[in-house]
Amino acid sequence: MNRIKHHIILEDLKEAKKVKIIVDGEEMEAYEGEMIAAALLANGRKQFRYTKKHHSPRGIFCGIGRCTDCIMTVNGVPNVRTCITPVEDGMVIETQKGVGEWKRGENGV
Amino acid sequence: MYKTSIAVIGGGPAGLSAAIEAAKAGAQVVLIDENSRPGGQLFKQIHKFFGSKEHKAGVRGIDIGKQLLKEAQELGIEVWLNTEVCGIEQNKLLWAVKNKTESVQLLSERIVLATGAMENSIHFPGWTLPGVMGAGAAQTFINIHRVAPGKKVLMIGSGNVGVIVSYQLLQAGCEVTAIVEASPRLGGYGVHTAKVCRAGVPFYTSHTILRALGENKVEGAVIGRLNDKWEFIPGTEKVFEVDTICIATGLTPLAELAWIAGCKFKYIPELGGFVPLHDENMETTIQGIYVAGDITGIEEASSAMEEGRLAGINAAASLGFYSSKQKEKLCNEVRERLDALRQGPFGKMRRIKKQELITSRREIRCHQQQIV
Ligand SMILES: Cc1cc2nc3c(=O)[nH]c(=O)nc-3n(C[C@H](O)[C@H](O)[C@H](O)COP(=O)(O)OP(=O)(O)OC[C@H]3O[C@@H](n4cnc5c(N)ncnc54)[C@H](O)[C@@H]3O)c2cc1C
Ligand code: FES
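All figures in this text were calculated on a predicted structure; none of them were measured in a lab. Note on numbering: residues in each chain are counted from 1, in written sequence order. To read the labels, note that chains go from A and ligands from 1, taken in the order they are written. pLDDT decides what is reported in this predicted model: residues at 70 or higher carry local features, side-chain atom pairs at 80 or more are listed and counted, and totals for whole chains, interfaces and linings draw on all residues regardless. Only heavy atoms go into the side-chain values, all of them from the structure, while hydrogens and water stay out.

> What is the right way to look at the sheet that holds strand β5 (residues 71-74) of chain A in this model?
All names here are of chain A. A pair of strands is labelled paired if DSSP reports no fewer than 2 bridges between them. Each helix is a run of DSSP H or I of at least 4 residues and each strand a run of E of at least 2, with the numbering of both proceeding from the N terminus. Strand order in the open sheet made by the 5 strands is β2-β1-β7-β5-β6, with mixed pairing throughout. Here the strands that pair on one side only, and so sit at the sheet edges, are β2 (26-31) and β6 (77-81). Within the sheet, the average angular offset between the axes of one strand and its neighbour, ignoring direction, is 40°. Bridge count between β5 and strand β7 (residues 92-94): 2 bridges; the pairing is antiparallel. Directly across from T73, in β7, lies its bridge partner E94. Throughout, an axis means a line fitted to C-alpha atoms (over the contacting stretch in the case of helices), and angles, computed between N-to-C directions, take values from 0 to 180 degrees.

Pasting the structure below:
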């Protein structure tokens, strides 16, 4: 676990409500409201997507929603910046290949 | 369509300060930020600030952030979170997307752009591997999200962000294996550099990163020495076993909205690249559009707050909320504090370059007047 529970300057990490997310079909634990990227990193996941042409892996790069390196398919919607999107209970998160696929209609988007 | 007197875009130290000053004057303000929480980069700055008492020296960025939020709340400033501003039309009509789904329009009489900056990258074989990230990204994860990006970190760049984040990585329990600096001299403030030195982190000056190692994620890094022409000297390679490589090689102003609005720019490398021209009141070449903070040149949170105040006071005054005498008094106080911040070798260069921006703005105005 690489969660920073105790810190010299900051207060102890507050125990947030735990929720379940499904990442590539596998159930993982996350804290309610934390960013998807933080939850994945805390679960030891560093690869978030693979590029279209060279299929090379990408992960967290800017951490503030600027670079789109961390995009994944979330609840069927591709290209979601996981570093600035909070987790929700039952969220379905998938590693994105290339530009992803829109599953129109299913999610009402 | 919504309407307001002053719209402030960006809820970092600059935007918050602008909104607070404008609201204090009595103007109706809407503050917009794309994040779920205001504060911009302030809440990840857990180090103590420099300057004098008026600059809140000795107070940590995170606590300054809390104070600003409290003030904004007490003034009843309307804050739109999760709202990304995507366009500015003529006559100051803003187009934004709320909660990634809802399109909204906001017509405002004055606009303050305080959108901040993004980190620069350098490119080397393996720079796209998971595990290579901006130093600010690592800072965001350890101090805000409270998850360590890795166990062993190599820091590229010894400027302020490089040394501050290195120290904060140590505080978070990570190991900082080394700090690599291409220049023969270290680049950060002495106080922060000394702290990292005392913690035993080795510095490699006149060195650069040659490549990141690993297939699917970072497993190591190779660095090498540079000669006085900044060329790599073969045979000087050193290999580090690290799982994270942080890049701290400067920031670039995030000025898309100013471009869209049609503001005039100038390229000033010392300020981070293309920056929108502004006058001594932070007004751009477009009447009624103001800028403040990193968007007008990379500095730090203390100066971003002062610039924000200037923008807020002037936007409010231009709508009649202050007499010109009141306005001048308030602005002069802020300008004095800004000058005091822009001291020392770093600050002086910034003061000169900021003056260059203001002078260029003035020249354009003279030119426009001649045409009229
Ligand atoms: C990741 C990172 C870490 C940093 N760490 C340090 C540090 O430790 N020490 C230091 O001295 N300096 C640091 N800096 C420099 C820092 O930018 C300044 O200290 C200061 O925060 C600048 O204030 P600002 O208000 O101009 O911008 P910011 O604090 O960046 O605030 C800008 C805000 O505007 C929002 N925004 C941008 N575009 C839009 C849009 N279109 N619509 C809606 N909202 C938008 C952004 O999301 C952000 O919340 C860091 C910068 C970055 C990027
Ligand atoms: S890491 Fe850059 S957008 Fe998420």
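> How do you make sense of the interface of chain B and chain A when you look at a structure like this?
Often, the extent of an interface is quoted as the loss of accessible area on bringing the components together. In this analysis, two residues are considered to be in contact whenever any of their non-hydrogen atoms come within 4.5 Å of each other. Between chain B and chain A, the residue contacts involve 40 residues of the former and 33 residues of the latter. Interface area, chain B with chain A, both sides summed: about 3,100 Å², of which 59% is carbon and sulfur. A pair is scored as a salt bridge if a Lys or Arg side-chain nitrogen falls within 4 Å of a carboxyl oxygen belonging to Asp or Glu. Applying the counting criterion to the chain B and chain A interface returns 2 salt bridges. Between A:R66 and B:E34 there is a salt bridge, with its nearest N and O atoms 2.9 Å apart. For this analysis, a polar contact is any N or O atom pair within 3.5 Å, provided that within protein one partner can donate a hydrogen and the other can accept it, and provided that sequence-adjacent residues contribute only side-chain to side-chain pairs. For the interface between chain B and chain A, the tally reads 11 residue pairs in polar contact (both at pLDDT 80 or more). The set of elements that each furnish at least two residues to the side of chain B that touches chain A consists of β7 (117-119), β8 (132-134), α3 (135-145) and β15 (244-247) of chain B. Ranked by residues supplied to the side of chain B that touches chain A, first place goes to α3(B) with 6 residues. When its residues are assigned to classes, the side of chain B that touches chain A shows 17 nonpolar, 13 polar and 10 charged. Reported buried area values correspond to the accessible surface (1.4 Å probe) lost by two parts on association, with both partners' losses combined. Each residue gets one of three labels, nonpolar for Ala, Val, Leu, Ile, Met, Phe, Trp, Tyr, Cys and Pro, charged for Asp, Glu, Lys and Arg, and polar for the others, Gly among them.

> How should empty space enclosed by the protein be read in this particular structure?
In this analysis, the protein atoms alone were mapped onto a 1 Å grid. Cavities are point sets where a 1.4 Å probe fits without being able to get out; pockets are open sets with protein on both sides within 12 Å along at least five of seven lines; lining residues have an atom within 4 Å of a point. Grid points are joined across faces, edges and corners, and a volume is the space filled by probe spheres set on the points. On inspection of all chains with the given rule, the structure shows 1 cavity of 30 Å³ or more. Approximately 50 Å³ is the volume attributed to the largest cavity. Forming the boundary of the largest cavity are A:L41, A:K46, A:G59, A:I60, B:P130, B:G131, B:M133 and B:P149. Grouping the constituent residues of the lining of the largest cavity by class yields 5 nonpolar, 2 polar and 1 charged.

> What am I meant to see in the packing of aromatic side chains here?
Two descriptors summarise a pair of aromatic rings, namely the distance from one centre to the other and the angle between the planes of the rings. When the centres of two rings from Phe, Tyr and Trp lie within 6.5 Å, Trp using its six-membered ring, the rings pair. Their planes under 30 degrees apart give stacked, over 60 give edge-to-face, and anything left gives tilted. Counted under the stated rule, the structure contains 6 aromatic pairs over all chains. A centroid spacing of 5.2 Å and a plane angle of 70° characterise the contact between B:Y2 and B:W80, whose relative ring orientation is edge-to-face. Of this pair, B:Y2 sits in strand β1 (residues 2-9) while B:W80 sits in strand β3 (residues 78-80), and the two are 78 residues apart along the sequence. Any residue under 20% of the maximum accessible area for its type is buried, any over 50% is exposed, and the rest in between are partly exposed; the area is computed with a 1.4 Å probe on protein chains only. Owing to a relative accessible area of 40%, B:Y2 belongs among the partly exposed residues under this scheme. Put simply, the rings of B:W259, B:F265, B:Y267 and B:F274 pair up and form one aromatic cluster. Two limits define a charge over a ring: the Lys NZ or Arg CZ must be within 6 Å of the ring centre, and within 35 degrees of the ring normal. Seen from the ring of A:Y31, A:R3 lies directly overhead, with NZ or CZ sitting 4.0 Å from the centre.

> Explain the nonpolar core to me, please; I cannot follow it from the model alone.
A general feature of soluble globular proteins is that nonpolar side chains tend to end up buried together. By nonpolar core is meant a set of buried Ala, Val, Leu, Ile, Met, Phe, Trp, Tyr and Cys residues that side-chain atoms within 4.5 Å join together. Core analysis: the largest hydrophobic core is formed by 37 residues, its most contacted members being B:I6, B:V8, B:V29, B:L68, B:I77 and B:V112. For this core, the secondary structure elements donating two or more residues are β1, α1 (13-24), β2 (29-32), α2 (61-74), α7 (301-318) and α8 (324-341) of chain B. Among the elements that take part in this core, α7(B) stands out by supplying 9 residues, more than any other. With 26 residues, the next largest nonpolar core counts A:V23, A:I36, A:I93 and B:V147 among its residues.

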